[in-house]
Amino acid sequence: MSQQERREAVVRGMLDAEGPLPVPPDLHADAVRRGARMLRRRTVVRRLMWLLLLAAVVAFAVWAAEAQPWVEPPSSRTPPLTSW
C-alpha cells in the first residue's frame, strides 16, 4: 500500500466515522500563531510597498524638477534673417 493510498484510507475512515471528529488540543494555538505570522508579513509587505511608492514619487519629482519636461527645448538653429 502506497503512502497516497494510506492517506486516502485514513481520510475515508474519518469521513465514514459517526459523531464528531476529535480535534487536536493545540489546533487553536497553531492557528493563532500562523495567523499572527501572516498579519506580520502582510504589515511588513504593505509598509515596504508604501516605502517603494514614496521613493518612486520622490525620484519622479527630482527628475521632473531637473529635466523640466514641460519646457520646450531651445531650437538648435536660428531662423534666417530677411528684410534687414
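Residues numbered from 1 in each chain as written. Predicted model: local features only at pLDDT ≥ 70, side-chain atom pairs only at ≥ 80, totals over all residues. Heavy atoms only, no water.

Colleague: Just to check I follow, could you spell out the overall build of the chain for this structure?
Modeller: Counting its secondary structure elements, the chain contains 2 helices and 0 strands. Since a compact globule built from 84 residues should have a radius of gyration of about 12 Å, the 34 Å found for the chain marks it as more spread out than a globular shape. For the chain, the accessible surface area stands at approximately 8,600 Å², while carbon and sulfur atoms represent 65% of it. Separation of charge centres in the chain, based on 12 positive and 8 negative side chains, amounts to 8 Å. (Helix = DSSP H or I, 4+ residues; strand = E, 2+ residues; numbered from the N terminus. Rg over C-alpha atoms; globule rule 2.2 N^0.38 Å. Areas by Shrake-Rupley, 256 points an atom, 1.4 Å probe, with all protein chains shown as cover. Lys, Arg positive; Asp, Glu negative; His and termini not counted. Charge placed at Lys NZ, Arg CZ, Asp CG, Glu CD.)

Colleague: Explanation requested: helix α2 (residues 27-67) in the structure shown.
Modeller: Since the α-helix turns once every 3.6 residues, residues separated by three or four places project in the same direction. Compared with an ideal rise of 1.5 Å per residue, which puts 41 residues at 60 Å, α2 spans 59 Å between its outermost C-alpha atoms and is within 8% of the ideal. Residue Gln-68 follows α2 closely and has a positive phi angle near 45 degrees. (Expected span 1.5 Å × (residues − 1).)

Colleague: Would you explain unusual backbone geometry in this entry?
Modeller: With a phi angle near 45 degrees, Gln-68 is a residue other than glycine that sits in the positive phi range. Position of Gln-68 among the secondary structure elements: in the segment after α2. The partly exposed category is assigned to Gln-68, whose relative accessible area is 38%. (Buried < 20%, exposed > 50% of the residue type's maximum accessible area, 1.4 Å probe, protein only.)

Colleague: Please clarify how the pattern of salt bridges should be interpreted in this entry.
Modeller: A side chain with one charge can pair with a side chain of the opposite charge if their charged atoms come near. Under the counting rule described, the total for this entry stands at 2 salt bridges. One salt bridge in this structure joins Arg-12 and Glu-8, with 3.7 Å as the shortest N-O distance. Here Glu-8 and Arg-12 lie together in helix α1 (residues 3-16), a separation of 4 residues that amounts to about one turn. Taking relative accessible area as the criterion, Glu-8 reaches 34% and is therefore assigned partly exposed. (Salt bridge = Lys/Arg side-chain N within 4 Å of Asp/Glu carboxyl O.)

Colleague: Looking at this model, I keep getting lost on a positive patch on the surface. Mind explaining?
Modeller: On the surface, a cluster of positive charge is made up of Arg-34, Arg-37, Arg-40 and Arg-41. Examined against the element boundaries, Arg-37 turns out to sit in helix α2. Note on Arg-37: relative accessible area 36%, which makes it partly exposed. (Patch = residues over 30% accessible without salt bridge, like charges linked within 9 Å, V, L, I, M, F, W, Y side chains within 5 Å.)

Colleague: Looking at this structure, how should I read the packing of aromatic side chains?
Modeller: Geometry of an aromatic ring pair is reported as the spacing of the ring centres plus the angle between the planes. Enumeration over the complete set of coordinates arrives at 1 aromatic pair. Arranged with centres 5.8 Å apart and planes meeting at 40 degrees, the rings of Phe-60 and Trp-63 form a pair that is tilted. Pair noted here: Phe-60 and Trp-63 are both in helix α2, with a separation of 3 residues, about one helical turn. The exposure class of Trp-63 is partly exposed, given its relative accessible area of 45%. (Phe/Tyr/Trp six-rings, centres within 6.5 Å; stacked < 30°, edge-to-face > 60°.)

Colleague: Please explain a nonpolar patch on the surface as it appears in this structure.
Modeller: Taken together, the side chains of Val-44, Leu-48, Leu-51, Leu-54, Val-58 and Val-62 define a hydrophobic patch exposed on the protein surface, amounting to about 570 Å² of accessible area. Mapped onto the elements of the fold, Val-62 is located in helix α2.

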